[in-house]
Amino acid sequence: AQQLHYRRYLGLVGFGTVLLHISTSLLQLNSRFPPIWYRDNIWSITGAILATFIFLILAITSIEKAIERLGSHKWKLIQRTGYIALLLVLIHIVLVANQRWQLWLSGKVDMPTSFVVFIFGAAVIIARIIALIVDQYKLRKGLLNKNNS
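All figures in this text were calculated on a predicted structure; none of them were measured in a lab. (Residues numbered from 1 in each chain as written. Predicted model: local features only at pLDDT ≥ 70, side-chain atom pairs only at ≥ 80, totals over all residues. Heavy atoms only, no water.)

1. Some points on a nonpolar patch on the surface
Now for step 1: On the surface, a nonpolar cluster with roughly 610 Å² of combined accessible area is contributed by Ile42, Trp43, Leu87, Ile91, Leu95 and Val96.
Now for step 2: The set of elements that each furnish at least two residues to the nonpolar patch consists of helix 3 (42-60) and helix 5 (72-105).
Now for step 3: Broken down by element, the residue count for the nonpolar patch peaks at four residues, all from helix 5.
Now for step 4: Take Leu95: it is sitting in helix 5. (Patch = residues over 30% accessible without salt bridge, like charges linked within 9 Å, V, L, I, M, F, W, Y side chains within 5 Å. Areas by Shrake-Rupley, 256 points an atom, 1.4 Å probe, with all protein chains shown as cover. Salt bridge = Lys/Arg side-chain N within 4 Å of Asp/Glu carboxyl O. Helix = DSSP H or I, 4+ residues; strand = E, 2+ residues; numbered from the N terminus.)

This is the structure:
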């Protein structure tokens, strides 16, 4: 339960960071991101909007009343959609930052922050996949109760 407590607040801080990112991007609407940029990057923006919507649902359902009302199984399924949202975020990052990464790889600019964020997000997804594989192995060997996975 203590681990859940910290994960909840970490998730809410992450959602706040998403809202801050959206706000700063919109504040740069005419300079760095003119309206045509959004049209030219429609797939990236669509993925980001979908991810934000999923993260909003996760934030709303993170309160105790939502957990009690939904039940642990349904709540856990909803919370796991966060990995889908994270995958959409990684796609958003790759599509938006690709040109900057190319400049970095050719030695023309310093390593972009977006690359660090991408690596962190990818590591989270890889760690979750490994945890699922380990849990499935333990289930098959009878070392894990199905309710724990």
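2. Comments concerning the nonpolar core
Now for step 1: The biggest cluster of nonpolar side chains holds eight residues, and these are Phe15, Ala51, Ile54, Phe55, Leu58, Ala59, Ala85 and Leu88.
Now for step 2: At the level of secondary structure, the elements contributing two or more residues to this core comprise helix 3 and helix 5.
Now for step 3: Residue contributions to this core peak at five residues, all from helix 3.
Now for step 4: When sequence neighbours within four positions are dropped, the list of residues in contact with Leu58 reads Ile78, Gln79, Thr81 and Gly82.
Now for step 5: Among the nonpolar cores identified, the runner-up in size contains seven residues, and Leu90, Ile93, Trp101 and Ala122 belong to it. (Core = buried A, V, L, I, M, F, W, Y, C linked by side-chain atoms within 4.5 Å. Buried < 20%, exposed > 50% of the residue type's maximum accessible area, 1.4 Å probe, protein only. Contact = heavy atoms within 4.5 Å.)

3. Comments concerning the side chain of Arg128
Now for step 1: Structurally, Arg128 is set in helix 6 (residues 113-141).
Now for step 2: For Arg128, which is buried and forms no salt bridge, the nearest opposite charge comes from Asp135, at a distance of 4.9 Å.
Now for step 3: Residue contacts for Arg128: discarding those within four places in its chain leaves Arg80 and Tyr83. (Lys, Arg positive; Asp, Glu negative; His and termini not counted.)

4. Considering the environment of Thr113
Now for step 1: Residue placement: Thr113 occurs in helix 6.
Now for step 2: Overall, Thr113 belongs to the exposed group, its relative accessible area being 60%.

5. As for the pattern of salt bridges
Now for step 1: Counting across every chain of the model gives two salt bridges.
Now for step 2: Across the pair Asp40 and Arg39 runs a salt bridge whose closest N-O atoms are separated by 3.1 Å.

6. Focus: the packing of helix 3 against helix 5
Helix-helix packing is characterised by the crossing angle of the two axes and by the distance between the axes.
Now for step 1: Contact pair helix 3 / helix 5: the axes reach a minimum separation of 8 Å and the direction vectors enclose 155 degrees. Judged on the interaxial angle alone, helix 5 and helix 3 are roughly antiparallel. Of the two elements, helix 3 crosses helix 5, and the hand of that crossing is left-handed. For the pair helix 3 and helix 5, contact is made by Trp43, Ser44, Ile45, Gly47, Ala48, Leu50, Ala51, Ile54, Phe55, Ile57 and Leu58 and by Ile78, Gln79, Thr81, Gly82, Ile84, Ala85, Leu86, Leu88, Val89, His92, Leu95 and Val96, respectively. (Axes fitted to C-alpha atoms, helices over the stretch in contact; angles between N-to-C directions. Parallel < 35°, antiparallel > 145°, perpendicular 65-115°, else oblique. Left-handed = near helix turned anticlockwise from the far one by under 90°.)

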